[in-house]
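Now for the letters of each chain:
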Amino acid sequence: MQVLFVAAECEPWAKTGGLGDVVDALARALGRIPGAVDGPVEVFLPRYRGVPIPSRAAVDVLEIRVPDPMAPGGVSNVTVRSFDADGYRLRLVDHPAAFDRAGFYGDSAGDYPDNPRRFALLGRAALETRRAERRPVDLIAIHDWHACPVALQRDLHYAHDLVVGGAAISLTIHNLAYHGWTPRDQVVQLGLGTTAGDAWGIDLLGEGIRRAETVNTVSPTYAREVLQPTAGMGLDGDLVARGDRFTGILNGLDQEIWDPATDAALAAPYDAMSLAGKAACRADLLARVGFDPTDPSAVLGVIGRLDPQKGFDLVAGAARRLVEDGARLVVLGSGDASLLEGIRAEATRSPGRIAVLERFDRELSRRIYAGADLFLMPSRFEPCGQGQMIAMRYGTPPVARRTGGLADTIVDLGVNPAAGTGFLFDHATPEALAAAVERALRVFTAADRGPWQGLVARGMAVDWTWESSSAPLYAAQFRRAVALRLARTLG
Ligand code: ADP
């Protein structure tokens, strides 16, 4: 089975959130499972500004001509730069007019108005690359709406193409909130003709859901939740209609990339057998954010994309009470800066107790996962979440809402004292978050250290490796998609 990924993010080349982590780790893991794929997975990614080409890598350069309705003459020249990444083959789609920009998706003025064209070009370049190479493909894994033009292109332009027309498509929804809504006056950018879609335009994610042979999202609980109108973001009917072709596959975590024993960003390494290094990381973090490094108060870490989904407003609403409880707060976020205003106001009231850092900072994120005592993730919805898994791996129990993948990955200590790995709460309110943190603080400050140590140890011991369960489930899903496509083509 020859497998292509088409995605807008892939760590370490381009990442704003978990999508980048998962595309990288899953592509590598599939390559490690004996017999799962023929040759390495090929990952097609835009060559955004600043994406480096490793100087020592042997880079293949392929010039292709890609149908592009927005280009003079209807065709764009695209350079595909391919090289071996860590366990897969990265294929950078290089077209500066589309991708050499300040942001991946937009800038301070908002989303780029030509995003439909940019991501249609990504997908079409992937298909045209394999056509130019005359290398048939069995399965195209499309990730989120950015890759959904591939499903339309296959069906509307390449259905009878001998190289890519028979390819099965498997869609993975990492976030149902982003659909790639393309209004009617922008549909022309997709190169599908002007009649495609509804009267108002095209919902790219919806098209992907309807056209892919198989569809999954990234946790079983989220997969159940989105079948309801309350969580389905308008696509619940389409997901219900896919029946058992729509599933939930829980994300794993790359335990080599996220390992406090080898993490070069940390002040000191540590593991579950010896947590001395974690104390050094804690002091280092406090010093870096301008707090007293010897302060024994519980340090609460928060990291995430600044999006209403992530509940930064709940953290802001709970902050005063948590500081009065004696906690310290370190918040790192990137995206819509206005979502940090509430926490900034609290930080001004409580200097030396709340630190707010607005940027994308890989190293600081690692220092927070390691240096905090608790990790807060009060998401309104959460398809899976990587943050809580990373925190557990770094010995930092999570306090999170009981929703989506958070409910699937965290065992509440109150519900199951012998197996607990964190603290869950139900209502998306500052009061419920604060009450859950207070529950955690009671364990953190208890004279009997046993329950806290057990909590930390169990979280660090969880096996999140992709190879152990998630990646084989993807391989099985891909095989099913290929069989379904074949049956349809033969039928
Ligand atoms: P989502 O995919 O919704 O963004 P996840 O919890 O699945 O949420 O993944 C978030 C990933 O992005 C984690 O690896 C987290 O460490 C990282 N991340 C989020 N915001 C930042 C930031 N401001 N700086 C560095 N890393 C970040």
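Computed from a predicted model, the values in this text were never measured in an experiment.

Focus: the site of the ligand
- Around the ligand, the structure places 22 residues, and the nearest of them are Gly 18, Asp 21, Arg 305, Lys 310 and Tyr 369.
- A distance of 2.7 Å separates an oxygen atom of the ligand from a polar side-chain atom of Lys 310.
- Separating an oxygen atom of the ligand from a backbone N or O atom of Gly 387 is a distance of 3.1 Å.
- Contact with the protein chains covers 93% of the free accessible surface of the ligand, which is 570 Å².
- When contributions to the shell around the ligand are tallied by element, the ones reaching two or more residues are helix 1 (18-32), strand 14 (299-306), strand 15 (328-335), helix 11 (362-371) and helix 12 (387-393).
- A per-class count over the shell around the ligand returns 7 nonpolar, 9 polar and 6 charged.
- Looking at the shell around the ligand, you find at least three residues from each of domain 1 (3-252 + 467-490) and domain 2 (276-463).

A word on empty space enclosed by the protein
- Considering all chains together, one arrives at 1 cavity of 30 Å³ or more under this definition.
- Reported here for the largest cavity is a volume of approximately 50 Å³.
- Taken together, Glu 11, Asp 21, Asp 24, Ala 25, Leu 253, Asp 254, Ile 257, Trp 258 and Gln 386 form the lining of the largest cavity.
- Its residues assigned to classes, the lining of the largest cavity shows 4 nonpolar, 1 polar and 4 charged.

Looking at the sheet that holds strand 12 (residues 214-217)
- Read across the sheet, 9 strands follow the order 3-4-5-2-1-8-9-12-13 without closing on themselves; strand pairing throughout is mixed. At either end of the open sheet lies a strand with only one pairing partner, and these are strand 3 (60-67) and strand 13 (246-248). Across the sheet, the mean angle separating the axes of adjacent strands is 25° when strand polarity is ignored.
- In this sheet, strand 13 lies alongside strand 12 in parallel orientation, the contact comprising 3 bridges. Bridged to Val 215 within strand 13 is Phe 246.

The rules behind the values
Residues numbered from 1 in each chain as written. Predicted model: local features only at pLDDT ≥ 70, side-chain atom pairs only at ≥ 80, totals over all residues. Heavy atoms only, no water. Near = heavy atom within 4 Å. Polar contact = N/O pair within 3.5 Å; in protein donor to acceptor, adjacent residues only side chain to side chain. Areas by Shrake-Rupley, 256 points an atom, 1.4 Å probe, with all protein chains shown as cover. Helix = DSSP H or I, 4+ residues; strand = E, 2+ residues; numbered from the N terminus. Nonpolar A, V, L, I, M, F, W, Y, C, P; charged D, E, K, R; others polar. Domains from an automatic or database assignment. 1 Å grid on protein atoms, 1.4 Å probe; cavity = no way out; pocket = protein on both sides within 12 Å on 5 of 7 lines; lining within 4 Å. Points joined across faces, edges and corners; volume = space filled by probe spheres on them. Pairing = 2+ DSSP bridges. Axes fitted to C-alpha atoms, helices over the stretch in contact; angles between N-to-C directions.

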